Number of protein chains: 2
Amino acid sequence: MTQTKNGGSSRPIPRRPRVRHGLVIVNTGEGKGKTTAALGVIFRAWGRDFQIRMFQFIKHTGARFGEQRAAQKLNIPIESLGDGFTWLSKDMDRTEALAVEQWHRCKDAILEGKEDIIVLDEFTYALHYGWVPVVDAVDTLQRRPDDLHVIITGRYAPQELIDCADLVTEMKLIKHPYEEKGIRAQQGIEF
Amino acid sequence: MTQTKNGGSSRPIPRRPRVRHGLVIVNTGEGKGKTTAALGVIFRAWGRDFQIRMFQFIKHTGARFGEQRAAQKLNIPIESLGDGFTWLSKDMDRTEALAVEQWHRCKDAILEGKEDIIVLDEFTYALHYGWVPVVDAVDTLQRRPDDLHVIITGRYAPQELIDCADLVTEMKLIKHPYEEKGIRAQQGIEF
């Protein structure tokens, strides 16, 4: 029988329940590692048998980058809905419509809260370009289940999103191989 | 029926040869996401069947965080050799000796170059505290096989390391849940 600190009880010390505080995490800035750090959380969380769901904005539907390949092998849903363009799009209406459609899927998933972690990859662009109202995003995040983590990546995170987030990291470029040596993006590292 | 990307062309598009330039990548700064982004690269690289090996400095040997659990399930070697302390160590000689021993293992692996990616997690502390000479680290990186990627994480990356790196990102803290709301580190997210 375990002796407890609070005098004389012969009952074992009850473990504190693992109270999970769902966090809103934003990875922003001009540097590398925003999506990559979100994938790192997925890796950790998968190691702990968390339920994970990732939505990718912008990136081509049907993309087969390293992350999609890994996710498929591990049965982690990554849902990409985009045409690969943002401000460079030749059909801006379509680019915007895809982002809005993707947001509605995200919103349903966030409010439903069936997963432990939901990642909205490159979602900030949809906010920055005004395709999704920031107030709608913030309201959805605030109405999510208490224990749901949401990770949002991308440049130009609007201030209202930062205000409602728990953890915000800016990835800042110090040195880059493209710029300095003309090296192309490396498979398995950057995509 | 699967739709191919290059929709209907009868001739395969010739693929450019995949020349791989091994990169030295440094994730540094005071913010979150340094180790996490390295894990994200591991996730991607694993998706492409790369051979990966991760060495962790500082962290306790036998740590069972999310990343160790995931790596074990995926058969990715993560070798931790540390006592969990840096400047707070009560037995500094031991802390230093473990770091030096771990560095020698890393050095062998880097020069041997059997893997595609080698991660030296929290290695910068060993450099910062003078346990491993920076000149030894830089020399080893420069003598590595051309196609080997090496990722180094941790605060206080010395300038000589930054000078020899290809890609350096500073993770900068913008907002943090501990500080602002007193929330504890969340399992599956931060460890």
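Rules of the game
Residues numbered from 1 in each chain as written. Chains lettered and ligands numbered in written order. Predicted model: local features only at pLDDT ≥ 70, side-chain atom pairs only at ≥ 80, totals over all residues. Axes fitted to C-alpha atoms, helices over the stretch in contact; angles between N-to-C directions. Helix = DSSP H or I, 4+ residues; strand = E, 2+ residues; numbered from the N terminus. Parallel < 35°, antiparallel > 145°, perpendicular 65-115°, else oblique. Contact = placed C-beta atoms within 7 Å. Nonpolar A, V, L, I, M, F, W, Y, C, P; charged D, E, K, R; others polar. Pairing = 2+ DSSP bridges.

Some remarks on the packing of helix α1 (residues 34–47) of chain A against helix α1 (residues 34–47) of chain B
Direction vectors running N to C along α1 of chain A and α1 of chain B enclose 80°, while the axes themselves pass 6 Å from each other. It follows that α1 of chain A is roughly perpendicular to α1 of chain B by the angle criterion. Side by side, α1 of chain A and α1 of chain B meet where Thr36, Ala37, Ala38, Leu39, Gly40, Val41, Ile42, Phe43 and Arg44 of chain A of the first sit next to Thr36, Ala37, Ala38, Leu39, Gly40, Val41, Ile42, Phe43 and Arg44 of chain B of the second. When the residues that make up the contact of α1 of chain A with α1 of chain B are grouped by side-chain class, the tally is 12 nonpolar, four polar and two charged.

Side note on the interface of chain A and chain B
In this assembly, 50 residues from chain A lie in contact with 50 residues from chain B. Secondary-structure elements contributing two or more residues to the side of chain A that touches chain B are α1, α2 (66–74), β6 (167–175) and α7 (177–181) of chain A. A per-element tally of the side of chain A that touches chain B places α1 of chain A first, with 12 residues. Residues of the side of chain A that touches chain B, tallied by class, amount to 21 nonpolar, 15 polar and 14 charged. Relative to strand β6 (residues 167–175) of chain B, β6 of chain A runs antiparallel, the two being bridged by seven bridges. Bridge pairing in β6 of chain B links leucine 173 of chain A to threonine 169 of chain B.

Describing the pairing of β6 of chain A
Strand direction decides the pairing type here: strand β1 (residues 24–28) of chain A and β6 of chain A, joined by four bridges, are parallel. Within the sheet, the bridge partner assigned to isoleucine 25 of chain A lies in β6 of chain A and is leucine 167 of chain A.

Nothing here speaks to function; it is geometry throughout.
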